Amino acid sequence: MDNEKSKEESSNIAGKVYDVSDYKRDDTLSSGLTTTHEQVSDVYNAGGITSADRNEKDSENEEKER
């Protein structure tokens, strides 16, 4: 019976999505969702990861491999 309860709880957690009210909650899941939401929002508002950054990193990696 514990196994069935555990499966149900896992399904509920897996289906949880960010909600504005998560900022007011004190549980670990809500805290993680709010942190992730803020990080994604920051990157989106900053214009995302630029391809120039990736190209510089690729060039540096190629030089190290030589």
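Remember, predicted model here, so these are calculated numbers, not experimental data.

How each quantity is defined
Residues numbered from 1 in each chain as written. Predicted model: local features only at pLDDT ≥ 70, side-chain atom pairs only at ≥ 80, totals over all residues. Heavy atoms only, no water. Helix = DSSP H or I, 4+ residues; strand = E, 2+ residues; numbered from the N terminus. Buried < 20%, exposed > 50% of the residue type's maximum accessible area, 1.4 Å probe, protein only. Areas by Shrake-Rupley, 256 points an atom, 1.4 Å probe, with all protein chains shown as cover. Salt bridge = Lys/Arg side-chain N within 4 Å of Asp/Glu carboxyl O. pLDDT = per-residue confidence, 0-100.

### Here's the deal with the overall build of the protein chain
Then comes step 1: When helices and strands are tallied, the protein chain shows three helices and zero strands.
Then comes step 2: Each helix and strand of the protein chain, placed in order from N terminus to C terminus, yields the pattern α-α-α.
Then comes step 3: Across the 66 residues in the protein chain, those meeting the buried criterion constitute 5%.
Then comes step 4: When the accessible surface of the protein chain is totalled, it reaches about 6,100 Å², and 48% of it is carbon and sulfur.

### Remarks on the environment of serine 31
Then comes step 1: Relative to the helices and strands, serine 31 is located in helix α2 (residues 28-45).
Then comes step 2: Taking C-alpha positions, serine 31 is 9.8 Å from tyrosine 18, a pair spaced 13 residues apart along the chain.

### So, the pattern of salt bridges
Then comes step 1: Summed over the entire model, instances satisfying the criterion amount to two salt bridges.
Then comes step 2: Residues aspartate 22 and lysine 16 are paired through a salt bridge, measuring 3.1 Å at the closest nitrogen-oxygen approach.
Then comes step 3: Residue aspartate 22 is classed as buried on the basis of its relative accessible area of 1%.
Then comes step 4: A salt bridge links aspartate 22 to arginine 25; its shortest N-O distance comes to 2.7 Å.
Then comes step 5: Ionic contacts of the salt-bridge type, sharing partners, join the residues Lys16, Asp22 and Arg25 into one network.

### Quick word on the confidence of the model for the protein chain
Then comes step 1: Put simply, the protein chain has an average pLDDT of 81, and 73% of its residues get 70 or more.
Then comes step 2: The secondary structure element of the protein chain with the lowest average pLDDT is helix α3 (residues 51-65), at 64, and the one with the highest is α2, at 92.

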